[in-house]
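# Fold and contact review
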Protein chains: 2
Amino acid sequence: MATGTLFGVGTGPGDPELMTRRAWRLIEAARIIAYPAPDTGESFARAIASDAIADDAIEIPMVVPMRTGRAPAQSIYDEAASAISEHLDAGSNVVVLCEGDPLFYGSFMYLLARLKDSYDVEIVPGVTSLTACAAAHAHPLVARNDVLTILPGPLDDLVLAERIATAEAIAIMKIGRHMPRLKALFSRLGLADRALYVSHASLGYQRNLRLQDAPNEAPYFSMILLYKGDDPWIR
Amino acid sequence: MATGTLFGVGTGPGDPELMTRRAWRLIEAARIIAYPAPDTGESFARAIASDAIADDAIEIPMVVPMRTGRAPAQSIYDEAASAISEHLDAGSNVVVLCEGDPLFYGSFMYLLARLKDSYDVEIVPGVTSLTACAAAHAHPLVARNDVLTILPGPLDDLVLAERIATAEAIAIMKIGRHMPRLKALFSRLGLADRALYVSHASLGYQRNLRLQDAPNEAPYFSMILLYKGDDPWIR
């Protein structure tokens, strides 16, 4: 018997209307659906896709505590990969929901690492928070022959400052508790008044502000965008 | 009378199934549609969206010669903005089709610059070639707290080498005629055997190869991806 296919499906940044048509159709047809979930509360990936999920689909939540060391996370992905393998071995396809895009800062790669050598895999790319945040401000993310550098907020100030210096366009992701430090860094670099802030891009409660007006309490799903060129609007 | 809204709508990388649900619906409902077009042949953005375009929609092709100086391009966007303004002033919405995402290396920004201060604007983000190319290889684009740097291929070797040195993940866009030089650069840096190549991501004639096996004749719509970390598959 043929084994099933593993689908890594990007759900986009949050608005279900920003799911791709292929993602929507695959999820509607899916009999077995896996997704990351927090230890308390709702899975964001599942919430985005919920209107497409069949009532009788088998669901495999992968409960990953928000703050965890590497060892427990490893065992969580081992267990999820094992549960998914059983369905694939039985010839069923499995759809794994991934916030944004599966291969852009996603935890899907941990499943992929465990399953890619044994099963057929198809990745359905999704709209990332990167372009959703630029859309929120209707401001160019990057243009012409500019360099765009994407930086995780937890990196050291020194690393961030060096990388910011060598790109025309910058996006800082995974902000959360790093916000006060990042605001201070942008001020020291003289860039605070030009940087933009977005949280919860594409959702009803999206906030888009200039960085200097942004709250110090920022969620994990927020971003700082900066266009450093002289004029992003050069015609 | 209220003026219309300007919609900048990402069509995704090429496969119409990778258009978002919102993009599809907006295009289906659009009475006036603008898009970039080459001086000969079909508009790629229009081709992606063609099944959603109503037969009686008014179409505004913006014919931008592939090789042009700044001055003729300026006048082309001036004229397109003027044609679009007439419809917006008459209270009609206008949908502008954008390959990939409107704000990610897109020519939409030239229209946006001309129209943003006078009209309501909504940007509909799209799947970029960046994540579509990673999907083609089912290989992580960027993970954990890695730095991702996106580099246009026309940049100098020296600039490219410096930026490649300071990021864990790299994507090189707009390759085209720069391919032989870029392959030589990756070889000199000792990175040729680890880099991946994709052309025409998500289309039926997509090619995904290792860079060292890629043809020297590369289309403009092709990309080099490199994950420099020790192991993109760390579990």
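All of these numbers come straight from a predicted model, not from anything done at the bench.

### Notes on the relation of the copies chain A and chain B
- With an axial shift of 0.0 Å and an RMSD of 0.0 Å, the rotation relating chain A to chain B amounts to 180 degrees. One copy is carried onto the other by what is essentially a two-fold rotation axis.
- Of the residues that chain A buries at the interface, 98% are likewise interface residues in chain B, meaning the two copies contact each other through the same surface.

### Points about the nonpolar core
- The biggest cluster of nonpolar side chains holds 159 residues, and the ones touching the most others in it are V96 of chain A together with V96 of chain B.
- Ignoring anything within four residues of it in the chain, the contact list for V96 of chain B reads L6, F7, G8, V9, A34, Y35, F108 and L111 of chain B.

### Overview of the confidence of the model for chain A
- Across chain A, the average pLDDT comes to 94, with 95% of residues at 70 or higher.
- Predicted complex metrics record ipTM = 0.96 and pTM = 0.96.

### Focus: the sheet that holds strand β5 (residues 120–124) of chain B
Residues and elements named next belong to chain B.
- One open sheet holds the five strands; their spatial order is β3-β2-β4-β1-β5, and the pairing between them is parallel. Only two strands of the sheet have a single neighbouring strand rather than two, namely β3 (58–63) and β5. Ignoring which end each strand starts from, the neighbouring axes of this sheet average 20 degrees apart.
- Pairing between strand β2 (residues 32–37) and β3: six bridges, direction parallel. Bridge pairing links Y35 to P61 in β3.

### Looking at the sheet that holds strand β3 (residues 58–63) of chain A
All names here are of chain A.
- Pairing in this open sheet of five strands is parallel, and the strands run β3-β2-β4-β1-β5 from one edge to the other. Since the sheet does not close on itself, it has two edges, and those belong to β3 and β5 (120–124), each with one partner. Between one strand and the next, the sheet's axes are offset by a mean angle of 20 degrees, whatever the strand orientation.
- With five bridges joining them, strand β1 (residues 5–10) and strand β4 (residues 94–98) adopt parallel strand pairing. The partner of G10 across the bridge, within β4, is C98.

### So, helix α7 (residues 179–188) of chain A
All names here are of chain A.
- For α7, the complete set of buried residues consists of M179, L182, K183, L185 and F186. For α7, the angular spread of buried residues about the axis comes to 160 degrees, placing them on one side. With respect to the buried face of α7, the exposed residues turned more than 90 degrees away are P180, A184 and R188.
- Phi turns positive one or two residues past the end of α7, at G190, with a value near 70 degrees.

### Things to note about the interface of chain A and chain B
- Counting residues at the interface gives 49 residues for chain A and 48 residues for chain B.
- Elements with a contribution of two residues or more to the side of chain A that touches chain B: α1 (21–29), α3 (70–89), α4 (108–115), β5, α5 (129–137) and β6 (148–152) of chain A.
- Residue contributions to the side of chain A that touches chain B peak at five residues, all from β6 of chain A.
- The residue makeup of the side of chain A that touches chain B, split by class, is 33 nonpolar, nine polar and seven charged.
- As paired elements, β6 of chain A and strand β6 (residues 148–152) of chain B share three bridges and run antiparallel to each other. Residue pairing for β6 of chain B: I150 of chain A is matched across the bridge by L148 of chain B.

Reading guide: rules and limits
Starting afresh in each chain, residues are numbered from 1 along the sequence in its written order. Note on labels: chains are lettered from A, ligands numbered from 1, in written order. Predicted model: local features are reported for residues with pLDDT of at least 70 only, side-chain atom pairs are reported and counted for 80 or more only, and whole-chain, interface and lining totals are derived from all residues. Least squares is the method for superposing the copies, and the C-alpha atoms it fits come from residues with pLDDT of at least 70 in both. Once C-beta atoms are placed from the backbone, any two residues with those atoms within 7 Å are in contact. What we call a nonpolar core is a set of buried Ala, Val, Leu, Ile, Met, Phe, Trp, Tyr and Cys residues whose membership is set by joining through C-beta atoms within 7 Å. Using C-beta atoms placed from the backbone, we call a residue buried if 20 or more other C-beta atoms fall within 10 Å of its own, exposed if 12 or fewer do, and partly exposed for counts in between. Scored from 0 to 100, pLDDT reflects the predictor's confidence in each residue. Think of it this way: DSSP has to see at least two bridges between two strands before they count as a pair. Here a strand is any run of E in DSSP of at least two residues, a helix any run of H or I of at least four, and the numbering for each starts at the N terminus. Each axis is a line fitted through C-alpha atoms, and for a helix only the stretch in contact is used; angles between axes span 0 to 180 degrees, taken between their N-to-C directions. The arc refers to the directions leading from the helix axis to the C-beta atoms. We call Asp, Glu, Lys and Arg charged. Ala, Val, Leu, Ile, Met, Phe, Trp, Tyr, Cys and Pro are nonpolar, and the rest, Gly among them, are polar.

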